[in-house]
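Overview (structure and organization)
Take a look at the letters that make up each chain.
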Amino acid sequence: MGLYYMQTLGCPKNQVDSDKLEGYLEAQGYASAPDADSADLLVVNTCAFIEAARQESIDTILSLAEHRRSGARLVVTGCMAERYGDELRDALPEIDLVAGFGHELVPASTSVPVSLGATRVAAATTVPGAGFDLLELPRPAAHAPWAYVKVAEGCDRICGFCAIPSFRGKQRSRPLDDVLAEVDQLLDAPTATDAPPLREVVLVAQDLASYGRDRTGPGRAARTTTGTSGRPSPIAALTRAVAQRVERTRLLYLYPSGLTDELIGAVLDTGVPYFDLSLQHVSRPHLARMRRWGDGERFLRRIADIRAAEPDATFRSSFILGYPGETERDHDLLLEFLAAAQLDWAGFFTFSNEDGTHAAGLPDQVPPELALERLRECAELQDAITAAKRDALVGQTRQVLVDAPGRGRTVHEAPEIDGVVYVPDDLAVGDLVDVALVASEGPDLHAVPVDALAAVSAGAHTS
Ligand code: SF4
């Protein structure tokens, strides 16, 4: 019927949407094009997180528009389509359809690409969202032995720098059974295709620790920091249920106040002691300016608690430098925190002044060059910490999941955002293999299978 080409920008949550849109297009009879030039339908799933991401989205749109073959349709979806749909339609006549969330890329009632040229704006604004819920679209087979699973859309928090709630809306959690059905779909899919077996599920949401709170209603159990109410919190229940189905369950984006004892226990019980804490800063007055919870001391205590229970636990976080009002004292506190926390991984971003956010109107904006200088200082410190943490793993034995020929991950690395473990090319993709970690190289590690080492050692003894 036709070939589609999908280009995805932005975060893992966008990748999930793209996977589902691909499954949807394939259910309509489209096949994946080997490259953009041969596609009948080009889809750009955009990111609107910060200015740099928007620019990358626009550059991608323009590049695909320039190289598409004659007659091919160009559809723009994702966060930019939702947030700046009118501006995109006005500024980029190359686009055939701007489709925000809940808008179909092609009409379900027809089996050919929609003729959009003449009715571009009307199509974009009149295609109903009802019945086209991205969250609940069927899931095609994963291309790797791991997959993101999005469990909620939107966010109920009011972080001063963040525009996401303004265009993704309030949190809308999927029912537990629907999420588990998607995991089952992913697990069953490899039997029908040549995809590798699914070994790892990475749960994502804007505010993952709050999963299900919008569904539980009054009496919301386990909302305390200890989670001792007797009823399992939705995120802990979900974590345990997914972990019963698949070898690895990993959680990304945990708002620190949501990290209850109960959730920590559930994560540790999965066997993937990986904690991605969305901290953003550590200075209490500065976090208050950001309209966020917590402070460095509390964060350090939580990290120490987890390390006491599991010394091998891995920690990741992200931080914003140059949010309005950030003082030298705030910055020093962040540096002190990084040195004390010894996180395994951390990402640093300079503040991006986003339309419609609380921060956009705040006084004491930090000059961009100062924000960048602070970022470099943090990154330099953290790079050394990360490298030392990776060095410390050399000589130890771990299990790797082979993601691709020659490349795998232990439980210490999340896919796509952390370092990798290089393994021999002949290990089968999707296998879980016990390896000895033999060398480090910045954030990455090199490993050899334990079996191979044992064979070499036996050979040495018999020779
Ligand atoms: S928790 Fe995340 S998505 Fe929600 S408002 Fe804060 S930064 Fe934005």
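About the cut-offs
- Residues numbered from 1 in each chain as written.
- Predicted model: local features only at pLDDT ≥ 70, side-chain atom pairs only at ≥ 80, totals over all residues.
- Heavy atoms only, no water.
- Axes fitted to C-alpha atoms, helices over the stretch in contact; angles between N-to-C directions.
- Helix = DSSP H or I, 4+ residues; strand = E, 2+ residues; numbered from the N terminus.
- Parallel < 35°, antiparallel > 145°, perpendicular 65-115°, else oblique.
- Left-handed = near helix turned anticlockwise from the far one by under 90°.
- Contact = heavy atoms within 4.5 Å.
- Salt bridge = Lys/Arg side-chain N within 4 Å of Asp/Glu carboxyl O.
- Buried < 20%, exposed > 50% of the residue type's maximum accessible area, 1.4 Å probe, protein only.
- Pairing = 2+ DSSP bridges.
- Phe/Tyr/Trp six-rings, centres within 6.5 Å; stacked < 30°, edge-to-face > 60°.
- Expected span 1.5 Å × (residues − 1).
- Arc of directions from axis to C-beta.
- pLDDT = per-residue confidence, 0-100.
- Polar contact = N/O pair within 3.5 Å; in protein donor to acceptor, adjacent residues only side chain to side chain.
- Core = buried A, V, L, I, M, F, W, Y, C linked by side-chain atoms within 4.5 Å.

A few words now on the packing of helix α12 (residues 328-341) against helix α13 (residues 368-393). Two numbers describe how α12 lies on α13: the axes approach to 10 Å, and their chain directions differ by 15 degrees. Put simply, α12 runs roughly parallel to α13. Classified by chirality, the crossing of α13 by α12 is right-handed. Note on element contacts: α13 touches α12 through Leu370, Arg374, Glu377, Cys378, Leu381, Gln382 and Ile385, opposite Glu328, His331, Leu334, Leu335, Leu338 and Ala339.

Moving on, we get to the pattern of salt bridges. Applying the stated criterion to the full structure yields 30 salt bridges. Here Arg199 ties to Glu247 by a salt bridge, and the two come within 2.9 Å at their closest N and O atoms. With Arg199 in the loop between α6 (176-192) and β9 (200-204) and Glu247 in the loop between α8 (234-243) and β10 (248-251), the pair connects residues that are 48 residues apart, well separated along the chain. For Glu247, a relative accessible area of 40% corresponds to the partly exposed category. What emerges from the salt-bridge pattern is a single network uniting Glu200, Arg248, Arg250, Asp403 and Arg409.

So, about the pairing of strand β14 (residues 397-404). Here is the key point about a regular strand: its side chains alternate between the two faces of the sheet. With respect to burial, β14 is a largely interior element, six of its eight residues being buried. As judged from the five bridges shared by β14 and strand β17 (residues 432-441), these two strands associate in the antiparallel manner. For Val400, the partnering residue across the bridge sits in β17 and is Val433. Of the pairings in the sheet, the one linking β14 to strand β15 (residues 407-409) comprises three bridges and is antiparallel in character. When the bridges of β15 are listed, Val402 appears paired with Gly408. What sits between the antiparallel neighbours β14 and β15 is a turn of two residues, in which Gly406 has the positive phi angle 85 degrees.

On to the sheet that holds strand β12 (residues 314-321). The strand order across the open sheet built from three strands is β11-β12-β13, with neighbouring strands paired in parallel fashion. In this open sheet, the two edge strands, each paired with only one partner strand, are β11 (274-280) and β13 (345-350). On average, each strand axis in the sheet is tilted by 15 degrees relative to the strand beside it, whichever way the strands run. Sheet topology note: the β12/β13 ladder contains six bridges and is parallel. Bridge assignment links Ser318 to a residue of β13, and that residue is Gly347. Across the sheet, α12 touches β11, β12 and β13, and the angle it forms with β12 is around 165 degrees. Where α13 meets the sheet, it contacts β12 and β13, and its direction lies at approximately 170 degrees from that of β13.

To continue, consider the packing of aromatic side chains. Summed over all chains, the structure comprises eight aromatic pairs. With a centroid separation of 6.3 Å and an interplanar angle of 65 degrees, the aromatic rings of Phe319 and Phe337 are classed as edge-to-face. Of this pair, Phe319 sits in strand β12 while Phe337 is found in helix α12, placing the two residues 18 residues apart along the sequence. Phe337 carries the same exposure label as Phe319, and that label is buried. Centre to centre, the rings of Phe319 and Phe348 are 5.7 Å apart; their planes meet at 20 degrees, and the pair counts as stacked. Of this pair, Phe319 sits in strand β12 while Phe348 sits in strand β13; the two residues are 29 residues apart in sequence, bridging distant segments of the chain. Members of the aromatic cluster, each reached through a chain of ring pairs, are Trp293, Phe299, Phe319, Phe337 and Phe348.

Here we come to helix α2 (residues 51-67). Counted at 1.5 Å a residue, the expected span for α2 with its 17 residues is 24 Å, and the 24 Å between its end C-alpha atoms agrees. Those residues of α2 lying buried are Ala53, Arg54, Ser57, Thr60, Ile61, Leu64 and Ala65. One side of α2 carries all its buried residues, which in axial view fall inside an arc of 130 degrees. Residues Ala52 and Glu66 are exposed on α2 and point more than 90 degrees away from its buried face. Packed against the buried residues of α2 are β1 (2-8), β3 (41-46), β4 (73-78) and α3 (79-91).

Turning our eyes to something else, we now look at the confidence of the model for the chain. On average, the chain scores 88 in pLDDT, and the residues at 70 or more come to 88%. The low-confidence segment residues 108-131 (pLDDT under 50) makes 35 contacts with residues lying over four places distant or belonging to another chain. Considering only residues more than four positions removed or in separate chains, one finds that residues 218-228, a stretch of pLDDT under 50, has 21 contacts. Taken over the whole predicted complex, pTM reads 0.86, whereas the ipTM for its chain interfaces reads 0.89.

All right, on to the environment of Asp207 then. Its place among the elements puts Asp207 in the loop between β9 and α7 (213-216). What makes Asp207 buried here is its relative accessible area of 5%. Asp207 sits 66 residues away from Pro273 along the chain, and the two C-alpha atoms are 19 Å apart. In contact with Asp207, other than residues within four places in its own chain, are Cys155, Arg157, Gln171, Tyr253 and Tyr255. One polar contact links Asp207 to Arg157, side chain to side chain, over a distance of 2.8 Å.

All right, on to the nonpolar core then. Counting 57 residues, the largest nonpolar core has Val151, Leu203, Leu238, Phe275, Phe319 and Phe337 as the members making the most contacts within it. A total of five residues in this core trace back to one element, the largest contributor, which is α12. With sequence-adjacent residues up to four places away left out, Phe275 is seen in contact with Leu259, Ile264, Val267, Leu268, Ile306, Ala313, Thr314, Phe315 and Arg316. Core analysis: the second largest hydrophobic core is formed by 26 residues, Met80, Ala81, Tyr84 and Leu88 among them.

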